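# Working through the structure, step by step
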Amino acid sequence: MIEQQTPWSIRDAHDLYALDVWGDGFFSINEQGHVCVKPIEGQDITIDVNDVVAEALDSGSSLPLIIRFQDIISSRVRRLNRKFRDAITEAGYEGQYRSIFPIKVNQLQEVVVEVMETGREYDIGIECGSKAELMAALPLIGADTLLLCNGVKDHVMLTMMLNAQQLGQQVIPIIEKYSEFEQLMILAGQRDAAARLGVRVKLNTRGAGRWYESGGARSKFGLTVPELLRLVKTLEKAGQAGSLELLHFHLGSQISDIQVLRSAVKEITQIYADLVLRGVNVRFLDVGGGLGVNYGGDYDNPDSSINYGLREYANVVVYAVQEICEERGVPVPTLLSESGRALTAHHSMLVIPVLGVHRPDSPPMNDETPPDSPTLISRIETAYQEACATEVTGILLECYHDAREIREEADQLMRLGYLTLDQLAHTDSLYWSICREVLRKLSDAQLTPPPTEQLELEEQLTDLYLCDFSVFHSIIDHWAIQQVFPVMPLHRLNEKPERRAQVVDLTCDSDGKIDQYVCGHANTSWLPLHKHNHGEAYHLGIFLVGAYQEILGDAHNLLGRVDEVHVYAREDESGNFWIEETLKGLSVKEMLSQVQYFPNDLDRRMTELVRKQINAGVIKAAEGSRILNNYTRRLEESTYCTTEVVR
Ligand SMILES: *Cc1c(COP(=O)(O)O)cnc(C)c1O
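In this text, all values refer to a predicted model and were calculated from it rather than measured experimentally. (Residues numbered from 1 in each chain as written. Predicted model: local features only at pLDDT ≥ 70, side-chain atom pairs only at ≥ 80, totals over all residues. Heavy atoms only, no water.)

### Thoughts on the sheet that holds strand β6 (residues 125–128)
One closed barrel accounts for eight strands, arranged β5-β6-β7-β8-β9-β10-β11-β12; its pairing is parallel. Direction aside, the axes of adjacent strands within the sheet are offset by 25 degrees on average. Pairing analysis gives three bridges linking strand β5 (residues 97–102) to strand β12 (residues 334–337), with the strands arranged parallel. Paired with S99 across the strands is S337, a residue of β12. On top of the sheet, helix α9 (residues 225–237) reaches β8 (170–175), β9 (197–200) and β10 (244–248); it is set at about 175 degrees to β10, its chief contact. (Pairing = 2+ DSSP bridges. Helix = DSSP H or I, 4+ residues; strand = E, 2+ residues; numbered from the N terminus. Axes fitted to C-alpha atoms, helices over the stretch in contact; angles between N-to-C directions. Contact = heavy atoms within 4.5 Å.)

Put into structure tokens, the structure is as follows:
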């Protein structure tokens, strides 16, 4: 019988990898089964990601590779600001919205500059949370750009901010602790000037989702209401009530439930109204970060999905503030949000090559039964024959149960010395043959819900796809907080992916793997992938990695920063794109020097070692020099693997 090819369309691939759920309209699959990007909103310029990879490799970059679609950053900035403008118009809100970019989400200069340049027409501002971030941001801002500074601030940072205020820059420290306020007042007094400032308020509303502790009374940030009042009274006494310009709260990142945001906005607007009514004319109301990104998959899992979009987020903020200001009879403030993840997550993707595939199951062996076998061998042979002969679910399950039990017995016998290596291999091979046979037949029967044995077998019979990357460097949130990132092949999507796969990385760490995938509308523990043909390029993309991952990533096993290219879409370029910039990742040499191994010293030691063996006559001089050169040359190269194989 000729095996029938299962019909498969691009649409099926699209649904399987759930592009509609997480792609935000930027990602699609073309006729050739390649992943494409449409980075500019409202324009049909489409880029084949595989063309970008080919060009990057041609011009000397290597995999793994980060591709930044700079236009996606701009598209997201515009989209967020337009949604707020729409909400403001619709509500008849008599104030403005300005988005504030928190640079901790991605401090790379090219990312920050892209956000700020696109954001200029929307009066975008910038937020920093540490000394280094402040020092990066200060020279970047124009005279009208709002710069907010959260986080712990020492007198050095406070001084820098006061200096900036003296220079006429719109820099506002947001007081997190009462002692910061006291320091600020002393420093401002020394200058004979009133400091402009904002306050982060500890609200009673608690965030929902993973970062819920960023808000609420137990939060490590912000002033309590009594502290806020004490601060206000101190300012009033000094005749500086006008200095308090901004009220801020932050519920934590990736707010999963919009109702929580609504409640927090109402709470802070009441405080705002009270202050305005007592003559403190706060101008800005800052609702913090937390605007979520849909990473796909399970709608019931708040860590990967959110229950709102940009439009609803904007509406909730605008309408809630307006309603309370109307009720209380106070003018509306300028609205600020510090959305970081929502602006940068989509623009960057990681391309990783598959290096090889390991199958945990042993292949079938057609050997004879080994001599002098104990009865358990004939029992497992019988179980195999039964599994092959039946289509009945009950009998299949029984065969599998038997196989499991016999395998355990075999392990015990082996430990006691009653089973030869041949006999053990024979049992193992039959065990896996039974598993494959049972799973194939159970899957064909399409039972709903599938028996737990089927799910167990699916997990056991999953191929391990070894890929050239480090989970700890490139998607650390997957390891740290089980964040799900969309993963899919970048090509062959016109072919049905027939293998069950788990992606594992280069690190010598059993946690170095991806164990949750976006698959259809659920999260699964394995991902359908295509059969990998050894020596043939098979590239996977990990998407939505533009927020937090790059800077949080670590150097486990000394795997370092990867190469990257910055891409702009342009219709008149071949392939509709051009690579504006190529950045090299860390070389072995650079990585080693971070842990105090220096090339000169390593070279010297290596030379000594080689010379000693030459002198001792162990190797010839030419061979010694070849070995030494090979070592030295590799110090300049990437910390990752090469995909080439020797033949
Ligand atoms: C981290 C942080 C943000 C950014 O949060 P996102 O979830 O990325 O939008 C904004 N404001 C403050 C105070 C933060 O700590």
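There's more to say after this.
### Brief notes about the site of the ligand
Close contacts around the ligand come from 15 residues, with K104, S253, E338, R341 and Y548 the closest. Note that an oxygen atom of the ligand is positioned 2.8 Å from one of the backbone N or O atoms of G340. One of the backbone nitrogen or oxygen atoms of R341 is found 2.8 Å away from an oxygen atom of the ligand. Considered on its own, the ligand offers 390 Å² of accessible surface; in the complex 92% of this is hidden by protein. (Near = heavy atom within 4 Å. Polar contact = N/O pair within 3.5 Å; in protein donor to acceptor, adjacent residues only side chain to side chain. Areas by Shrake-Rupley, 256 points an atom, 1.4 Å probe, with all protein chains shown as cover.)

### Some words on the pattern of salt bridges
Applying the stated criterion to the full structure yields 35 salt bridges. In this structure, D361 engages R436 in a salt bridge whose closest nitrogen and oxygen atoms are separated by 2.4 Å. With a gap of 75 residues between them, D361 in the loop between β13 (348–358) and α13 (375–389) and R436 in helix α15 (residues 421–445) connect regions that are remote in the sequence. Relative accessible area serves as the criterion here: at 22%, R436 is assigned to the partly exposed category. Between D428 and R407 there is a salt bridge; the shortest N-O distance is 3.0 Å. Of the two residues, D428 is situated in helix α15 and R407 in helix α14 (residues 393–416); the sequence distance between them amounts to 21 residues. Its relative accessible area of 24% is what places D428 among the partly exposed residues. For R407, a relative accessible area of 26% corresponds to the partly exposed category. (Salt bridge = Lys/Arg side-chain N within 4 Å of Asp/Glu carboxyl O. Buried < 20%, exposed > 50% of the residue type's maximum accessible area, 1.4 Å probe, protein only.)

### Let's talk about the packing of aromatic side chains
In this description, a pair of aromatic rings is defined by centroid distance and the angle of the planes. The tally for this structure, following the rule as stated, stands at 11 aromatic pairs. Relative to F485, the ring of Y295 lies with its centre 5.6 Å away and its plane at 80 degrees, an arrangement referred to as edge-to-face. Note that Y295 is positioned in the loop between β11 (284–286) and α11 (310–328) and F485 in the loop between α18 (476–481) and β15 (487–489), a separation of 190 residues in sequence. Exposure remark for Y295: the relative accessible area of 1% places this residue in the buried category. Judged by its relative accessible area of 2%, F485 is buried. Grouping aromatic residues by their ring pairs yields a cluster made of F84, Y97, Y308 and Y313. (Phe/Tyr/Trp six-rings, centres within 6.5 Å; stacked < 30°, edge-to-face > 60°.)

### Brief notes about the nonpolar core
Ranked by size, the top nonpolar core spans 154 residues in total, and within it I67, L244 and L247 carry the most contacts. Residue contributions to this core peak at 11 residues, all from helix α10 (residues 258–277). (Core = buried A, V, L, I, M, F, W, Y, C linked by side-chain atoms within 4.5 Å.)

### Side note on the environment of T89
Within the element layout of this structure, T89 appears in helix α4 (residues 70–91). Residue class for T89 comes out exposed when judged on its relative accessible area of 63%. On a C-alpha basis, the gap between T89 and V318 in space is 10.0 Å, while along the polypeptide they are 229 residues apart. A distance of 2.8 Å separates a polar side-chain atom of T89 from the backbone oxygen of R85.

### A closer look at the side chain of S339
Checked against the element boundaries, S339 lands in the loop between β12 and α12 (341–344). Among the polar contacts made by the side chain of S339, one reaches the side chain of S337 at a distance of 2.9 Å. Those residues within four positions of S339 in sequence are excluded, and the remaining contacts are L80, I100, F101, P102, G288, G289 and L291.

### Looking at the environment of N600
Inspection of the secondary structure puts N600 in helix α21 (residues 599–615). Of the residues examined, N600 reaches a relative accessible area of 67% and is grouped as exposed. Each C-alpha atom of the pair N600 and G168 lies 49 Å from the other, and the pair is 432 residues apart in sequence.

### A few points about the packing of α14 against α15
One way to put it is that α14 packs onto α15 with a least axis distance of 10 Å and a crossing angle of 160 degrees. With respect to their mutual orientation, α14 and α15 come out roughly antiparallel. The handedness of the crossing between α14 and α15 is left-handed. Residues T393, L396, L397, C399, Y400, A403, R404, I406, R407, A410, D411 and M414 of α14 pack against L424, T427, D428, Y431, W432, I434, C435, V438, K441 and L442 of α15. Classifying every residue of the contact of α14 with α15 gives 15 nonpolar, two polar and five charged. (Parallel < 35°, antiparallel > 145°, perpendicular 65-115°, else oblique. Left-handed = near helix turned anticlockwise from the far one by under 90°. Nonpolar A, V, L, I, M, F, W, Y, C, P; charged D, E, K, R; others polar.)

### Observations concerning a nonpolar patch on the surface
Taken together, the side chains of L558, V595 and Y597 present a nonpolar region at the surface, about 250 Å² in accessible area. Along the chain, L558 falls in the loop between α19 (549–552) and β22 (563–569). (Patch = residues over 30% accessible without salt bridge, like charges linked within 9 Å, V, L, I, M, F, W, Y side chains within 5 Å.)

### A few points about the sheet that holds strand β3 (residues 47–48)
An order of β1-β2-β3 is seen for the three strands of this open sheet, with the pairing classed as antiparallel. Each edge of the sheet is formed by a strand with only one pairing partner; in this case those strands are β1 (27–29) and β3. Alignment of strand β2 (residues 35–37) against β3, held across two bridges, turns out to be antiparallel. The residue bridging C36 from the neighbouring strand is D48, located in β3.

### Thoughts on the UniProt feature "modified residue: N6-(pyridoxal phosphate)lysine" (unreviewed entry) in the protein
According to UniProt, the positions carrying the feature "modified residue: N6-(pyridoxal phosphate)lysine" (unreviewed entry) are K104. Within the secondary structure, K104 is located in the loop between β5 and α5 (109–119). Owing to a relative accessible area of 40%, K104 belongs among the partly exposed residues under this scheme. Those residues in contact with K104 that sit more than four places away from it in its chain are E133, Y548 and I551. (UniProt positions renumbered as here; feature names shortened; annotations may be inferred.)

### Here's the deal with the environment of C128
Along the polypeptide, C128 turns up in strand β6. For C128, the residues in contact, after removing those within four places along its chain, are E133, L134, L147, L148, C149 and N150.

### Remarks on the UniProt feature "domain: Arginine decarboxylase helical bundle" (unreviewed entry) in the protein
Look at the UniProt record and you will see "domain: Arginine decarboxylase helical bundle" (unreviewed entry) annotated at residues 372–455. As annotated, residues 372–455 has a helix share of 81% and a strand share of 0%, and its two end C-alpha atoms lie 36 Å apart.

### Here we look at unusual backbone geometry
Here the bond from L63 into P64 is cis, since omega is -5 degrees, no more than 30 degrees from zero. Along the polypeptide, P64 turns up in the loop between α3 (49–58) and β4 (65–69). Between T448 and the following residue, P449, the backbone shows a cis peptide bond with an omega angle of -10 degrees. For P449, the position within the fold is in the loop between α15 and α16 (452–460). Of note, the phi angle at Q482 is positive, near 55 degrees, even though the residue is not glycine. Its place among the elements puts Q482 in the loop between α18 and β15.

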